[in-house]
Amino acid sequence: GAVVSQHPSRVICKSGTSVKIECRSLDFQATTMFWYRQFPKKSLMLMATSNEGSKATYEQGVEKDKFLINHASLTLSTLTVTSAHPEDSSFYICSASGSSGRSYEQYFGPGTRLTVT
Amino acid sequence: GENVEQHPSTLSVQEGDSAVIKCTYSDSASNYFPWYKQELGKGPQLIIDIRSNVGEKKDQRIAVTLNKTAKHFSLHITETQPEDSAVYFCAASEGTYKYIFGTGTRLKVLA
């Protein structure tokens, strides 16, 4: 149980375009989803926390107008990188936690590698 | 806010030997400490966790110890195997779901 998927696994886009990444909890209801960014050989940096049906809470230094997060249902959250630039190239990972049982646990998706050319 | 330090950054051990990775945290309110294994190009996978009301937890070859007074916790892997080679991250949380991750340890098990 507790499987989280991400789509796409890899994406290449041109500078100035927008790209959407989906995060789905496959076998549980995710009341809270998290979006992380990871640079090569670095740790995970939390970008934002989203609760189903409400606006995301962004970490300091993360531009909310650039990284749009939507958590419209208990199984789906999306991250849209708007007007992407090469410096947005990174590994983006989502995680989800549920409302029952060990609700403090986060289950991570496999990540999405974004390359902006 | 919480700060988590992790050591060492890289660790090489011979197959069959033990590996120990240590983390320290700063916020005494932290009460949940998971450990994750991340293989190249993949998301982190939870391997073991411990809550603050427990001092030690073991799952086969993996164990975690927690010293609340000193604010440090450690991951112990015994009888290491080549497939244990990966990057390991510790994290600390004070129960609001927000995790603060350590900087990671790249473990290499030499066959």
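**Q** What should I look at first to understand the state of the cysteines in this one?
**A** Every disulfide links exactly two cysteines, by a covalent bond between their sulfur atoms. Inspection of every chain in the model, using the stated rule, returns two disulfides over all chains. Each disulfide pairs two cysteine sulfurs, and for Cys23 of chain A the partner residue is Cys94 of chain A, the sulfurs being separated by 2.0 Å. Torsion about the S-S bond of the Cys23 of chain A and Cys94 of chain A cystine: about 80°, corresponding to right-handed handedness. A residue pair is termed long-range when its members are at least 10 positions apart, and Cys23 of chain A in strand E3 (residues 19-25) and Cys94 of chain A in strand E9 (residues 90-98) qualify at 71 residues. By relative accessible area, Cys23 of chain A is classed as buried at 0%. The disulfide bridge from Cys23 of chain B ends at Cys90 of chain B, spanning 1.9 Å between sulfur atoms. Its S-S torsion of approximately -100° makes the covalent link between Cys23 of chain B and Cys90 of chain B left-handed. You can see Cys23 of chain B sitting in strand E3 (residues 19-25) and its partner Cys90 of chain B sitting in strand E9 (residues 86-93), a full 67 residues away along the chain. Just as Cys23 of chain B is buried, Cys90 of chain B falls in that class too. Distance from the sulfur of Cys13 of chain A, which forms no disulfide, to the nearest cysteine sulfur (Cys94 of chain A) is 18 Å.

**Q** I tried to follow the packing of aromatic side chains on my own but got confused; where do I start?
**A** Aromatic rings considered in pairs are described by the distance between their centres and by the relative angle of their planes. Counting across every chain of the model gives 15 aromatic pairs over all chains. Considering the side-chain rings of Phe28 of chain A and Tyr107 of chain A, the 5.5 Å spacing of their centres and the 65° angle between planes classify their relative orientation as edge-to-face. Of this pair, Phe28 of chain A sits in the loop between E3 and strand E4 (30-38) while Tyr107 of chain A sits in strand E10 (residues 107-108); the two residues are 79 residues apart in sequence, bridging distant segments of the chain. Assessed through its relative accessible area of 16%, Phe28 of chain A is described here as buried. With relative accessibility at 23%, the residue Tyr107 of chain A sits in the partly exposed group. Ring centres of Tyr36 of chain A and Phe101 of chain B lie 5.6 Å apart, and the angle between their planes is 85°; on these two criteria the pair is classed as edge-to-face. Taken together, the residues Tyr36 of chain A in strand E4 and Phe101 of chain B in strand E10 (residues 99-101) connect one chain to another. A residue is classified by how much of its surface remains accessible, and Phe101 of chain B, at 8% relative accessible area, is buried. Each residue in the set Tyr36 and Phe108 of chain A together with Tyr32, Tyr36, Phe89, Tyr99 and Phe101 of chain B is aromatic and connected to the rest through ring pairs, giving one cluster.

**Q** Is there a simple way to explain the pairing of E3 of chain A in this structure?
**A** All names here are of chain A. The two faces of E3 differ: Val19, Ile21, Cys23 and Ser25 on one face are buried, but Lys20, Glu22 and Arg24 on the other face are not. Pairing analysis gives four bridges linking strand E1 (residues 4-7) to E3, with the strands arranged antiparallel. Paired with His7 across the bridge in E3 is Glu22. Relative to strand E8 (residues 76-81), E3 runs antiparallel, the two sharing six bridges. In the sheet register, Arg24 faces E8, and the bridge partner there is Leu76.

**Q** Would you mind showing me how to read the pattern of salt bridges here?
**A** Pairing between side chains of opposite charge can happen when the charged atoms of each approach one another. Counted by the stated rule, this structure contains seven salt bridges over all chains. Close ionic contact of Lys98 of chain B with Glu59 of chain A constitutes a salt bridge, the shortest N to O distance being 2.9 Å. Of the two residues, Lys98 of chain B is situated in the loop between E9 and E10 and Glu59 of chain A in the loop between strand E6 (57-58) and strand E7 (67-73); the pairing between them involves two chains. By relative accessible area, Lys98 of chain B is classed as partly exposed at 32%. In the salt-bridge network here, residues are joined through shared partners; they are Lys37, Glu39 and Lys42 of chain B.

**Q** Where do I start with the sheet that holds strand E7 (residues 62-67) of chain B in this structure?
**A** To summarise the sheet geometry, strands pair through backbone hydrogen bonds and adopt either a parallel or an antiparallel arrangement. Residue and element names in this part refer to chain B. Pairing is antiparallel in the open sheet, where five strands are placed in the order E1-E3-E8-E7-E6. With one partner strand each, in any of the chains shown, strand E1 (4-7) and strand E6 (56-59) form the two edges of the open sheet. Ignoring which end each strand starts from, the neighbouring axes of this sheet average 15° apart. Relative to strand E8 (residues 72-77), E7 is paired through six bridges, and the arrangement is antiparallel.

**Q** Explain the sheet that holds E1 of chain A here, please?
**A** All names here are of chain A. If you trace the four strands from one edge of the open sheet to the other, you get E1-E3-E8-E7, paired in antiparallel fashion. On the outer flanks of this sheet lie E1 and E7, each paired with one strand and no other. Each adjacent strand pair in this sheet contributes to an overall mean axis angle of 15°, direction not counted.

Parameters and conventions
Residues numbered from 1 in each chain as written. Chains lettered and ligands numbered in written order. Predicted model: local features only at pLDDT ≥ 70, side-chain atom pairs only at ≥ 80, totals over all residues. Heavy atoms only, no water. Disulfide = S-S within 2.5 Å. Helix = DSSP H or I, 4+ residues; strand = E, 2+ residues; numbered from the N terminus. Buried < 20%, exposed > 50% of the residue type's maximum accessible area, 1.4 Å probe, protein only. Phe/Tyr/Trp six-rings, centres within 6.5 Å; stacked < 30°, edge-to-face > 60°. Pairing = 2+ DSSP bridges. Salt bridge = Lys/Arg side-chain N within 4 Å of Asp/Glu carboxyl O. Axes fitted to C-alpha atoms, helices over the stretch in contact; angles between N-to-C directions.

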